[in-house]
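# Residue-level structure breakdown
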Amino acid sequence: MSIAPARDDLDALRREAWALIAAAVTDGLAPFHTPTIATADGEGAPRLRTVVLRAADAAAGTVRFHTDLRSAKAGELAGDPRTAVHFFDPARKVQVQLAGRAVIAGIAEEDARSAWETARPSSRTGYGVMPGPGTPIAGGGSYRLPGTAAEIAAGAAHFGAVTVTADRLDWLSLDATGHRRARFVRTATAWQGTWLVP
Ligand SMILES: Cc1cc2nc3c(=O)[nH]c(=O)nc-3n(C[C@H](O)[C@H](O)[C@H](O)COP(=O)(O)O)c2cc1C
């Protein structure tokens, strides 16, 4: 993918950040395809995990991932929707961090229903796992995946589409000729950017 680096133009830098995120939705080999999502647990302690980036909308400032509604992260985001999303591309030496709020849609909502309907069968299967994700089990294989089409379809009840609306974007790029760091904060009408010391 040829996304030209924007060095000293704040607006171009923000556009580049969103272009990298958007391109990674369909590029399974892009490092930005698998960001890290942060939540706080019930005691406020930080928790991080990898997810697959499923959608991005630069104009709306949103990214989406899918998860099992029985997972710890789904419960944590339901309790406190504040989240952060971390992207890192080692070849470009670019880090992008989003901070914002998550909204979880279940299968009764259009966002999740259309995502479920277009998901690959292999992706759907996991949502029918029993018992639910994170349940302690006697042995590593002591869980059951759905075996029939009806069981796989029943997994839809556990499927969640999580949309994060960013209100802050942090950019850091490392370059031998000079690192660049910037922060963009969403105002009512636009993104306000400022350079920071790297
Ligand atoms: C490459 C990779 C991609 C993953 N993608 C997702 C994903 O899209 N959604 C998800 O819920 N978990 C995904 N996981 C699993 C999570 O990282 C995590 O282990 C799991 O969801 C349980 O997290 P939780 O207990 O914090 O909710 C992925 C893991 C890896 C290694």
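All values derive from a computational prediction rather than experimental measurement.

### Overview of the pairing of strand E8 (residues 180–186)
Relative to E8, strand E7 (residues 159–173) runs antiparallel, the two being bridged by 6 bridges. Within the sheet, the bridge partner assigned to Ser173 lies in E8 and is Arg180. Where E7 folds back on E8, the antiparallel hairpin that results is connected by 6 residues, among which Gly178 adopts a positive phi of roughly 140 degrees. Pairing geometry for E8 and strand E9 (residues 191–196), over 6 bridges, is antiparallel. Looking at the pairing, Phe184 lines up with Gly193 of E9. Between the end of E8 and the start of E9, which pair antiparallel, lie 4 residues.

### Describing empty space enclosed by the protein
This model, assessed by the stated rule, comprises 1 cavity of 30 Å³ or more. Considering the residues around the largest cavity, the lining is formed by Pro35, Ile37, Val51, Val52, Leu53, Val63, Arg64, Phe65 and Val85. At 3 residues, the largest contribution of residues to the lining of the largest cavity is made by strand E4 (residues 62–68). Per-class residue counts for the lining of the largest cavity are 8 nonpolar, no polar and 1 charged.

### Regarding helix H2 (residues 72–79)
Among all positions in H2, only Lys73, Ala74, Glu76 and Leu77 are buried. The buried residues of H2 occupy an angular sector of 165 degrees when projected down its axis, which confines them to one face. Turned more than 90 degrees off the buried face of H2, the exposed positions are Ala78 and Gly79. Its buried side turned inward, H2 meets strand E1 (36–40), strand E2 (46–50), E4, strand E5 (82–89), strand E6 (94–105) and E7.

About the thresholds
For every chain, the first residue of the written sequence is number 1, and numbering continues from 1 along that sequence. Whole-chain, interface and lining totals are the exception, using all residues; otherwise, since this is a predicted model, local features are given only for residues with pLDDT of at least 70 and side-chain atom pairs are given and counted only at 80 or more. Hydrogens and waters are ignored; side-chain quantities use all the structure's heavy atoms. Here the rule is simple: two strands pair whenever DSSP picks up at least two bridges between them. Secondary structure elements are taken from DSSP: a helix is a run of H or I of four residues or more, a strand is a run of E of two residues or more, and numbering for both begins at the N terminus. Here a cavity means grid points, on a 1 Å grid over the protein atoms only, where a 1.4 Å probe fits yet cannot get out; a pocket means an open set of points with protein on both sides within 12 Å along at least five of seven lines; lining residues are those with an atom within 4 Å of a point. Grid points are joined across faces, edges and corners, and a volume is the space filled by probe spheres set on the points. Residues are grouped as follows: nonpolar covers Ala, Val, Leu, Ile, Met, Phe, Trp, Tyr, Cys and Pro; charged covers Asp, Glu, Lys and Arg; every other residue, Gly included, is treated as polar. Between buried and exposed lies partly exposed: a residue is buried under 20% and exposed over 50% of the maximum accessible area for its type, with that area taken using a 1.4 Å probe on protein chains only. By construction, the arc corresponds to the directions joining the helix axis to the C-beta atoms. Any pair of residues with heavy atoms lying within 4.5 Å of one another is described as a contacting pair.

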